[in-house]
Amino acid sequence: MALWDGRFEGGPSAEMQAFSESLDTDMLMWREDIAGSMAHVTMLGEVGLLTAEEAATIRDGLSKVEKDLEAGWQPDIALEDIHMAVETKLGEHIGALAGKLHTARSRNDQVATDVRLWLRTRLDILDESLARLVGAICDRVEADGRTLVPGFTHLQRGQPIWLGHHLLAHAWSLHRDRERVADVRRRVNRSPLGAAAMAGTPHPIDRARSAELLSFEGVAENAMDAVAARDHLIEAASVATICMVHLSRIAEELVLWSSREFDWIRLGEAWSTGSSIMPQKRNPDAPELVRGKSGRVVGALNALITMTKGLPMAYNRDLQEDRSALFDAMHTTIACVRVTAGCFESMTIKGGPDLTGDFALTTELADFLAGQGVPFREAHHVAGGLVKLCEDSGQTLAELSLADLQAAHPAFTAEALSWLDPEAAVERRTSRGGTAWVEVKRQLGMLRGD
Ligand code: ARG
């Protein structure tokens, strides 16, 4: 029978038990559940709600339950959730004294505590993984960043850039993800323990003390909010979703760049797979899966937000659904960050296309004229005309003569021809945040925290 069966005669049907139990997801946070109980018992002992001997006996019993779980004990689903499983097992070890553990608490504040502890650790792991990924991108930039590639807009060649400039654009988005992780962590790091069902308790507990024992930064002030709030989960899933969107954009480019059509990179063997029918294939499955898994995390955010909307205060059983979404979002995001780091750590940069005379240099002609005092709008029009001339005559920009340029605009001088060197074009862009190597290096320093 359940621990709550006092007013029941029969109890839930087998189908209801199977429908309502949460052990499958709860078992992922049994360590947190034991930690929460340990802190609670210690506090109960300190404030005199348990004798020192009782507190010590319960703590010993909890250590035994911890060992049982470590050894692979799988609670029966009739025990419903991890909280009742632990308490029942504790009773098997220490007898009726186990019943005092639940003084001044409820499963509602317990589950809220467990999830916060679980999430805090995963946010730290996510942050470490993101730091590794940002580091891997920075290493790649340092080693191969001076590779000339076209920068795109609309996936059409725009202007030449260093590949390092492009990669750092991704690194900055991941850097902001780290800021978001730190931000949500502060709101996660508050203790709901001792809120009890939602109204607090008549017993003289010390919530600040149990919070301290669990390394929380403080308590969730309102007992009803403490058990009912899930906005920190929604926020964590939002942060995970934004991160997955960033990873998905990176993944898309890794897939494109490793194609024969681009051929800019070769993914390491450890992060590629073959085809069961086409022997030549070396498929970019790692980034493809990252791109695909982003959908799962978006779905988890959607589930959490929809589940919480319209719930009356305070705890409702709907909230039990929070873990499958949250846990999956965090597990998936952490795995995807790591896999992406693995891709960057092991890939080879093969090089970009030859940009000599490429139309991606047309802006240089306009910028040259603008530097001579020609209004940019007029310069843009003139440079556009030169592209048309090239297209009509089947030439590249590099094949234009000084006479061709001067026929288009008298402000062109011989120096204009040197502006069509792709590397010189990149290195001219020294404005803050521009693609010139000096700026790439400056940002590398910032991202590495030097
Ligand atoms: N298994 C429940 C959950 O995961 C624990 C809290 C149950 N509280 C209750 N009043 N039924 O949310």
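This text follows the structure it describes.
Residues numbered from 1 in each chain as written. Predicted model: local features only at pLDDT ≥ 70, side-chain atom pairs only at ≥ 80, totals over all residues. Heavy atoms only, no water.

Trainee: Teacher, can you tell me more about the overall build of the chain here?
Mentor: Looking only at helices and strands, the chain has 18 helices and four strands in total. Radius of gyration (C-alpha) of the chain: 31 Å, far over the 22 Å computed for a compact globule of 450 residues. A principal-axis box enclosing the C-alpha atoms of the chain has dimensions of 100 × 55 × 40 Å. For the chain, the residues scored as buried account for 48% of the 450 residues in total. Taking all contacts inside the chain whose residues are at least 6 apart in sequence as the whole, residues at least 24 apart take part in 76%. Per element, the accessible surface of the chain, about 21,000 Å² overall, is 52% carbon and sulfur. Charge separation in the chain, taken as the distance between the mean sites of 47 positive and 65 negative side-chain charges, equals 1 Å. (Helix = DSSP H or I, 4+ residues; strand = E, 2+ residues; numbered from the N terminus. Rg over C-alpha atoms; globule rule 2.2 N^0.38 Å. Buried < 20%, exposed > 50% of the residue type's maximum accessible area, 1.4 Å probe, protein only. Contact = heavy atoms within 4.5 Å. Areas by Shrake-Rupley, 256 points an atom, 1.4 Å probe, with all protein chains shown as cover. Lys, Arg positive; Asp, Glu negative; His and termini not counted. Charge placed at Lys NZ, Arg CZ, Asp CG, Glu CD.)

Trainee: Honestly, the pattern of salt bridges in this entry has me stumped. Any pointers?
Mentor: Any two side chains of opposite charge can pair if their charged atoms end up close together. Enumeration according to the criterion identifies 35 salt bridges in this entry. Of the charged contacts in the structure, one is a salt bridge between D322 and R323, with a shortest N-O distance of 2.9 Å. Each member of the pair, D322 as well as R323, is classed as buried. Note that E439 is salt-bridged to R442, the shortest N-O span being 2.8 Å. You can see E439 and its partner R442 sitting in helix α18 (residues 437-448), three residues apart, about one turn around the helix. Each member of the salt-bridge network shares a partner with another, and the members are D26, R230, D322 and R323. (Salt bridge = Lys/Arg side-chain N within 4 Å of Asp/Glu carboxyl O.)

Trainee: Can you help me understand helix α11 (residues 285-308) in this one?
Mentor: With 24 residues, α11 extends 35 Å from end C-alpha to end C-alpha; this agrees with the ideal 34 Å at 1.5 Å per step. Those residues of α11 lying buried are A286, P287, V290, S294, V297, A300, L301, L304 and M307. Where the residues of α11 are buried, they touch α10 (231-257) and α12 (322-346). Looking at the residues trailing α11, positive phi occurs at G310, about 80 degrees. (Expected span 1.5 Å × (residues − 1).)

Trainee: Looking at this structure, how should I read the packing of α10 against α11?
Mentor: A pair of packed helices can be characterised by two numbers: the angle between their axes and the separation between those axes. Across the interface, α10 lies against α11 with an axial gap of 8 Å and an inter-helix angle of 160 degrees. Between α10 and α11, the crossing angle belongs to the class labelled roughly antiparallel. Handedness of the crossing formed by α10 with α11: left-handed. A breakdown of the residues in the contact of α10 with α11 according to their chemical character gives 16 nonpolar, five polar and four charged. (Axes fitted to C-alpha atoms, helices over the stretch in contact; angles between N-to-C directions. Parallel < 35°, antiparallel > 145°, perpendicular 65-115°, else oblique. Left-handed = near helix turned anticlockwise from the far one by under 90°. Nonpolar A, V, L, I, M, F, W, Y, C, P; charged D, E, K, R; others polar.)

Trainee: Please clarify how the environment of R230 should be interpreted in this entry.
Mentor: By the element assignment, R230 lies in the loop between α9 (223-228) and α10. Taking the C-alpha atoms as reference points, R230 and S173, 57 residues apart in sequence, are found 26 Å from one another. The residues touching R230, leaving out its near neighbours within four places in the chain, are V111, T308, Y315, L319 and D322. A polar contact of 2.8 Å, which involves the side chain of R230, links it to the side chain of D322. (Polar contact = N/O pair within 3.5 Å; in protein donor to acceptor, adjacent residues only side chain to side chain.)

Trainee: Looking at this structure, I do not really get the pairing of strand β2 (residues 156-162). What am I missing?
Mentor: Here is the key point about a regular strand: its side chains alternate between the two faces of the sheet. Across six bridges, the pairing between strand β1 (residues 148-153) and β2 is antiparallel. Paired with T153 across the bridge in β2 is Q156. Hairpin connection of β1 to β2: two residues between the antiparallel strands, including H154 at a positive phi of 60 degrees. (Pairing = 2+ DSSP bridges.)

Trainee: Is there a simple way to explain a nonpolar patch on the surface in this structure?
Mentor: A surface patch of nonpolar side chains, about 280 Å² in accessible area, is lined by M198, M224 and M313. By the secondary structure assignment, M198 is in the loop between α7 (163-188) and α8 (207-213). Judged by its relative accessible area of 37%, M198 falls in the partly exposed class. (Patch = residues over 30% accessible without salt bridge, like charges linked within 9 Å, V, L, I, M, F, W, Y side chains within 5 Å.)

Trainee: Is there a simple way to explain the site of the ligand in this structure?
Mentor: Neighbouring the ligand are the residues S22, D81, H83, R107, N108, V111, Y315, Q320 and R323. At a separation of 2.9 Å, a nitrogen atom of the ligand approaches a polar side-chain atom of N108. Take Q320: an N or O atom from its side chain is 3.0 Å from a nitrogen atom of the ligand. Relative to its unbound accessible surface of 340 Å², the ligand loses 85% to contact with the protein. (Near = heavy atom within 4 Å.)

Trainee: Looking at this model, I keep getting lost on the packing of aromatic side chains. Mind explaining?
Mentor: Each aromatic ring pair is specified by the distance between its two centres and by the angle formed by the two planes. As enumerated under the stated definition, the model contains seven aromatic pairs in all. Here the aromatic rings of F368 and F412 are separated by 6.0 Å at their centres, their planes lie at 10 degrees, and the arrangement is stacked. Taken together, the residues F368 in helix α13 (residues 362-371) and F412 in the loop between α15 (402-408) and α16 (415-418) connect sequence positions 44 residues apart. On the accessibility criterion, F412 (1% relative accessible area) is buried. (Phe/Tyr/Trp six-rings, centres within 6.5 Å; stacked < 30°, edge-to-face > 60°.)

Trainee: Looking at this model, I keep getting lost on the nonpolar core. Mind explaining?
Mentor: Across soluble globular proteins, nonpolar side chains show a tendency to be buried alongside one another. I58, L247, L326 and F344 are the most contacted members of the largest nonpolar core, which totals 93 residues. Sequence-distant contacts of I58, that is, excluding residues within four places in its chain, are made with V41, L50, L90, I94, L97, K100 and L101. Formed by 20 residues, the second largest nonpolar core is a distinct cluster that contains L361, V382, L386 and F412. (Core = buried A, V, L, I, M, F, W, Y, C linked by side-chain atoms within 4.5 Å.)

Trainee: Just to check I follow, could you spell out unusual backbone geometry for this structure?
Mentor: Glycine aside, residues mostly have negative phi, and peptide bonds are mostly found in the trans state. For the bond from M313 to A314, the omega torsion is 0 degrees, close enough to zero to count as cis. Relative to the elements of secondary structure, A314 occurs in the loop between α11 and α12. Phi at E80 takes a positive value of approximately 75 degrees, unusual for a residue other than glycine. Counting through the fold element by element, E80 comes out in the loop between α4 (52-70) and α5 (82-94).

Interpretation in functional terms is not warranted from these geometric data alone.
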